[in-house]
Amino acid sequence: MTQSLSQLRQRPHLSNSQINQILNLCSLQFYYERVAKLPKPFVSNSLVFGTCVHKVLEHYYQWIQRGEQPDVDSHIEMFSELWKKANNEQNIKFGAKTSFESLADTGRKVVKCFIDNADPKEKVLSTSQAFCVPVHAPDGSVVEDPLVGEFDLVVERDGKPVIVDFKTAARKWSAGHEHKSFQATVYSYAWHQMYGGIRPEVAFKVVTKAKEPSHEYRSTRRSAKQELRMATLISKAQQIVKHELWYPAETGFYCGDCPYASACKEWGSSSGGRRVQKAA
């Protein structure tokens, strides 16, 4: 029986988000969140917003996969209900220019933009397809923990599979951003490990969270050489975890929205230097 992403996450593993957090964002944040499991005083509105949009699109494309015609308006309102429910259940942090109401309106427009730009020629093969694959390092060894993740959408175009990922962004992506995406390399590698053959196209459908959202289709491919580089980076991330090499990103871009800012301020001091007690 195929396991869901939540089931696969029950075992020790590494994921694209974990690797990005360790290598690019802040390894100390990784420790607070995933090892010490400190409680979060709040969650960022961007994270919750993206989750709600993904749930709506998953539901929409499941209708398409069944050969049914989904009602657009009901899916737009589905975002409203999910957003309201999330706001009632979680302490969402809003910025100076955002609020529950403003993002509710933006979310409905974002969902409509995604749906309006859906390609009717694409055949939906799967939605929210979870994967778990071993990572083979260039030296022939296998990284201790497997790579776990999920494809938002897999479609068939011109007889070939295309892995599609939905992105909500504050602004348009810079030129060539998709070609530098570590996530695209992870997806290409995972698919090739599972099915072999030609490495698939990985596409990002990006919609901006603006007053008038815009849609971009960004496509890329990966080579075996790029996947080997990915495996080396994953191996390094695994070593950081194994040897507990946690340290703060002092000039991190995400520091302002980090829920562990208070704990971070104590890091390295006489009191904060002690090991953080893990949550029960």
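Residues numbered from 1 in each chain as written. Predicted model: local features only at pLDDT ≥ 70, side-chain atom pairs only at ≥ 80, totals over all residues. Heavy atoms only, no water.

## Remarks on the pattern of salt bridges
Part 1 of the reasoning: Going through the model one piece at a time under the given rule, you end up with 14 salt bridges.
Part 2 of the reasoning: One salt bridge in this structure joins Asp-165 and Lys-167, with 3.3 Å as the shortest N-O distance.
Part 3 of the reasoning: Judged by its relative accessible area of 2%, Asp-165 falls in the buried class.
Part 4 of the reasoning: Classification of Lys-167 by relative accessible area gives partly exposed; the value is 23%.
Part 5 of the reasoning: A salt bridge links Glu-178 to Arg-218; the nearest nitrogen and oxygen atoms lie 2.6 Å apart. Of the two residues, Glu-178 is situated in the loop between β5 (160-169) and α7 (182-195) and Arg-218 in strand β7 (residues 215-220); the sequence distance between them amounts to 40 residues.
Part 6 of the reasoning: One salt-bridge network, in which partners are shared between bridges, spans Glu-122, Arg-157, Glu-201 and Lys-205. (Salt bridge = Lys/Arg side-chain N within 4 Å of Asp/Glu carboxyl O. Buried < 20%, exposed > 50% of the residue type's maximum accessible area, 1.4 Å probe, protein only. Helix = DSSP H or I, 4+ residues; strand = E, 2+ residues; numbered from the N terminus.)

## Description of the domain arrangement of the protein
Part 1 of the reasoning: Segmenting the protein into domains produces domain 1 (1-33 + 122-256) and domain 2 (42-121).
Part 2 of the reasoning: Placing the centre of domain 1 and that of domain 2 at their C-alpha centroids yields a distance of 22 Å.
Part 3 of the reasoning: On the side of domain 2, 22 residues touch domain 1, which itself brings 25 residues to the contact.
Part 4 of the reasoning: Of the roughly 1800 Å² buried between domain 1 and domain 2 on both sides combined, carbon and sulfur atoms contribute 61%.
Part 5 of the reasoning: Looking at the side of domain 1 facing domain 2, the largest losses of area belong to Glu-122, Phe-166 and Lys-209, adding up to 32% of the total buried there. (Domains from an automatic or database assignment. Contact = heavy atoms within 4.5 Å. Buried area = accessible area lost by both parts, 1.4 Å probe.)

## Re the packing of helix α2 (residues 16-25) against helix α8 (residues 224-242)
Working note: a packed helix pair is described by the angle between its axes plus the distance between those axes.
Part 1 of the reasoning: Packing of α2 against α8 leaves a shortest axis separation of 10 Å and a crossing angle of 80°. The angle between the axes of α2 and α8 places the two elements in the roughly perpendicular class. Residues Ile-19, Ile-22 and Leu-23 of α2 lie in contact with α8, whose contacting residues are Leu-233, Ile-234, Ala-237, Ile-240 and Val-241.
Part 2 of the reasoning: Class assignment for the residues of the contact of α2 with α8 results in eight nonpolar, no polar and no charged. (Axes fitted to C-alpha atoms, helices over the stretch in contact; angles between N-to-C directions. Parallel < 35°, antiparallel > 145°, perpendicular 65-115°, else oblique. Nonpolar A, V, L, I, M, F, W, Y, C, P; charged D, E, K, R; others polar.)

## Here's the deal with the sheet that holds strand β4 (residues 147-157)
Part 1 of the reasoning: Strand order in the open sheet formed by five strands is β3-β4-β5-β6-β7, and the pairing between neighbours is mixed. Whereas interior strands pair on both sides, the edge strands pair on one side only; in this sheet they are β3 (123-133) and β7. Here the strands of the sheet are splayed against their neighbours by 35° on average, with no regard to which way each runs.
Part 2 of the reasoning: Sheet analysis places β3 next to β4, joined by nine bridges and oriented antiparallel. Bridge pairing in β4 places Gln-129 opposite Phe-151.
Part 3 of the reasoning: Each of β5, β6 (201-208) and β7 is contacted by helix α6 (residues 100-116), which is oriented at about 140° to β6, the strand it contacts most.
Part 4 of the reasoning: Sitting on the sheet, α7 is in contact with β3, β4, β5, β6 and β7, with an inclination near 90° to β3. (Pairing = 2+ DSSP bridges.)

## Some remarks on unusual backbone geometry
Part 1 of the reasoning: Positive phi is not limited to glycine here, since Lys-37 has a value of about 55°.
Part 2 of the reasoning: Mapping Lys-37 onto the fold places it in the loop between α3 (27-35) and β1 (43-44).
Part 3 of the reasoning: A relative accessible area of 52% means that Lys-37 is categorised as exposed.
Part 4 of the reasoning: One non-glycine residue, Asp-158, lies in the positive phi region at around 55°.
Part 5 of the reasoning: Tracing the backbone shows Asp-158 in the loop between β4 and β5.

## Let's talk about the side chain of Asp-152
Part 1 of the reasoning: Mapped onto the fold, Asp-152 is located in strand β4.
Part 2 of the reasoning: Buried charge without a partner: Asp-152 forms no salt bridge, and the closest opposite charge is Lys-167, 6.7 Å away.
Part 3 of the reasoning: Of the polar contacts made by the side chain of Asp-152, one reaches the side chain of His-54; its length is 3.0 Å.
Part 4 of the reasoning: If sequence neighbours within four positions are ignored, Asp-152 has contacts with His-54, Ser-126, Thr-127, Ser-128, Val-164, Asp-165 and Phe-166. (Lys, Arg positive; Asp, Glu negative; His and termini not counted. Polar contact = N/O pair within 3.5 Å; in protein donor to acceptor, adjacent residues only side chain to side chain.)

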